[in-house]
Amino acid sequence: LYRHSVYHLCRSDETVRVSKRQLQNKNEIMEKGEIRILFIDSHLLARKAIRDILSQDKRFQIIGECLEDDESIESVRKLNPDIVLLNIDMTMIYGMNAIGQILADNPLAQIIAVSMRNTPADANKIMELGAKGYVTKTSDIKEFVTAIVEVENGNRYICSEASTQNNLPDIV
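Residues numbered from 1 in each chain as written. Predicted model: local features only at pLDDT ≥ 70, side-chain atom pairs only at ≥ 80, totals over all residues. Heavy atoms only, no water.

Caption draft 1: Structural context of the overall build of the protein. Check the secondary structure of the protein and you find seven helices and eight strands. Here the protein, with 172 residues, has 47% of them falling under the buried criterion. Considering only residue pairs separated by 6 or more positions, the protein has 62% of its internal contacts joining residues 24 or more positions apart. For the protein, the accessible area works out to roughly 9,300 Å², and carbon and sulfur atoms hold 50% of it. (Helix = DSSP H or I, 4+ residues; strand = E, 2+ residues; numbered from the N terminus. Buried < 20%, exposed > 50% of the residue type's maximum accessible area, 1.4 Å probe, protein only. Contact = heavy atoms within 4.5 Å. Areas by Shrake-Rupley, 256 points an atom, 1.4 Å probe, with all protein chains shown as cover.)

Okay, structure coming up:
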């Protein structure tokens, strides 16, 4: 049944099914040069500020924003973003669970956690769950941009604020 329409990607010890359409969407976006971003945060002001700043960069297309709830998981399914900026502060448990749900539904989505926490332990924990990037809400906008570009290019990224503290392996 899935022989011709599904590819298998390996992530950790899991095999993930990815449809041809998801791969085609990803390739079409890369040809255009636009990075499609979905921002999930419970604070309207934070969403608006990030949207306004990132929308000034022609490499980025803000395709949606939503609250941290079940709607956010559905939005990832529906919109198929390249990058998900995911706030993990208000309900750390939600953010941690959301990472797994997002990756299970859309293994091509690249998650960058956005947090008020700046400790290496928090950054490492989130990265171990499958996020590809970690930035703090006090990070400079240049660091947000760098994180998005690095993660879209297949790299992992932790902001300097969280990576310069005690005992964080150099992932940048």
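Caption draft 2: Structural context of the confidence of the model for the protein. Per-residue confidence for the protein gives a mean pLDDT of 78; residues scoring 70 or more make up 73%. pLDDT under 50 marks residues 1–22. Its contacts with residues more than four places away, or in other chains, come to 37 contacts. Taken together, the stretch residues 166–172 has pLDDT below 50 and engages in 16 contacts with residues farther than four places along the chain or on a different chain. (pLDDT = per-residue confidence, 0-100.)

Caption draft 3: Local environment of the sheet that holds strand β6 (residues 110–115). Within the open sheet, the six strands sit side by side as β4-β3-β5-β6-β7-β8. Their pairing is parallel. Pairing within the sheet leaves two strands with one partner each, and these edge strands are β4 (60–66) and β8 (157–158). Strand direction decides the pairing type here: β6 and strand β7 (residues 133–136), joined by four bridges, are parallel. Pairing of Ala113 across the sheet is with Tyr134, part of β7. Those strands touched by helix α3 (residues 70–79) are β3 (35–40), β4 and β5 (83–87), and its axis lies near 170° from that of β3. (Pairing = 2+ DSSP bridges. Axes fitted to C-alpha atoms, helices over the stretch in contact; angles between N-to-C directions.)

Caption draft 4: Here's a closer look at the packing of helix α2 (residues 44–54) against helix α6 (residues 141–152). Running from N to C, α2 and α6 point in directions that differ by 75°, and their axes come no closer than 11 Å. Of the possible angle classes, the one that applies to α2 and α6 is roughly perpendicular. Across the interface between the two elements, Ile50, Ile53 and Leu54 of α2 pack against Ile141, Phe144, Val145 and Ile148 of α6. Residue composition of the contact of α2 with α6, by class: seven nonpolar, no polar and no charged. (Parallel < 35°, antiparallel > 145°, perpendicular 65-115°, else oblique. Nonpolar A, V, L, I, M, F, W, Y, C, P; charged D, E, K, R; others polar.)

Caption draft 5: Representation of the side chain of Thr136. For Thr136, the location among the structural elements is in strand β7. One polar contact links Thr136 to Ser139, side chain to side chain, over a distance of 3.0 Å. (Polar contact = N/O pair within 3.5 Å; in protein donor to acceptor, adjacent residues only side chain to side chain.)

Caption draft 6: Expanded view of the nonpolar core. Leu85, Ile102, Tyr134 and Ile148 are the most contacted members of the largest nonpolar core, which has 42 residues in total. Of all the elements, α6 adds the most residues to this core, at six residues. (Core = buried A, V, L, I, M, F, W, Y, C linked by side-chain atoms within 4.5 Å.)

Caption draft 7: Main features of α3. Taken as a whole, α3 has its buried residues at Ser72, Ile73, Ser75 and Val76. All buried residues of α3 fall inside an arc of 155° around its axis, so they share one side. When the buried face of α3 is taken as reference, the exposed residues oriented beyond 90 degrees from it are Asp70 and Lys78. (Arc of directions from axis to C-beta.)

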